[in-house]
Amino acid sequence: ETGVTQTPRHLVMGMTNKKSLKCEQHLGHNAMYWYKQSAKKPLELMFVYNFKEQTENNSVPSRFSPECPNSSHLFLHLHTLQPEDSALYLCASSGGSGRGQETQYFGPGTRLLVL
Amino acid sequence: GQNIDQPTEMTATEGAIVQINCTYQTSGFNGLFWYQQHAGEAPTFLSYNVLDGLEEKGRFSSFLSRSKGYSYLLLKELQMKDSASYLCAVSGHTGGFKTIFGAGTRLFVKA
């Protein structure tokens, strides 16, 4: 596996379900991100982790719970979601040596539908 | 704070040249990025500018003027596959380095 991978690619869940999204990066980066992308809206930054420590929580509701066990893995735990949470959830990573180390590389995303 | 403006949609003809503009406001400027995003897919990195001037990479070029808070992405010899959204993103320092994304410019390439 290379780059940034995400599983599952598609997820349908009810409002009472609990599910988790997984992201893994194979780029040796030290920062990982969760974004939400709704139709016709800009990317919304949700969480940022640097060296496993959360450095940004962009006022995200508590029904979204991130976990970063190490610099290569990032999870987003979901519980009691609302239909308006339906969106594409993108994971990204960044970090490295030299110019442009803040360049973010994205995973393919998880398309989530909440019924 | 940080803010990015770019046109919502543009249409161009196959084989032509198109310029997508981006204006931004940020403090502690640390770089400007362009990403391409096809419908239903993840954004992919196109270019990075941190110094004023033009960066060329094949059919794509990106220009930056830090004093004007302005950038553009130039696409030459347009192909149908270039139909996508183009996202301008800026990294700045607001209590820590942070990158924000514009809403994207949806480019339609017609035959």
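Residues numbered from 1 in each chain as written. Chains lettered and ligands numbered in written order. Predicted model: local features only at pLDDT ≥ 70, side-chain atom pairs only at ≥ 80, totals over all residues. Heavy atoms only, no water.

Student: Help me out: how do you make sense of the pattern of salt bridges in this one?
Tutor: Oppositely charged side chains may form a pair once their charged atoms are brought near each other. All names here are of chain B. Applying the stated criterion across every chain yields a total of four salt bridges over all chains. The partner of E56 in a salt bridge is K76, and the shortest N-O contact between them spans 3.7 Å. A residue pair is termed long-range when its members are at least 10 positions apart, and E56 in strand β6 (residues 53–57) and K76 in the loop between β8 (70–75) and β9 (84–93) qualify at 20 residues. The exposure class assigned to E56 is exposed, which follows from its relative accessible area of 56%. One salt bridge connects R59 with D82, and the closest N-O pair in it is separated by 2.8 Å. Separated by 23 residues along the polypeptide, R59 in the loop between β6 and β7 (60–65) and D82 in the loop between β8 and β9 bring together distant segments of the chain. The class of D82 is buried, set by a relative accessible area of 2%. (Salt bridge = Lys/Arg side-chain N within 4 Å of Asp/Glu carboxyl O. Helix = DSSP H or I, 4+ residues; strand = E, 2+ residues; numbered from the N terminus. Buried < 20%, exposed > 50% of the residue type's maximum accessible area, 1.4 Å probe, protein only.)

Student: What should I look at first to understand the sheet that holds strand β1 (residues 4–7) of chain A in this one?
Tutor: Paired through their backbone hydrogen bonds, the strands of a sheet run either parallel or antiparallel. Residue and element names in this part refer to chain A. An order of β1-β3-β8-β7 is seen for the four strands of this open sheet, with the pairing classed as antiparallel. The strands lining the two open edges of the sheet, one partner per strand, are β1 and β7 (64–70). Going from strand to strand, the sheet's axes swing by 15 degrees on average, the running direction of each strand aside. Sheet topology places β1 next to strand β3 (residues 18–25); four bridges connect them, and they run antiparallel. Note on β3: the bridge partner recorded for Q6 is C23. (Pairing = 2+ DSSP bridges. Axes fitted to C-alpha atoms, helices over the stretch in contact; angles between N-to-C directions.)

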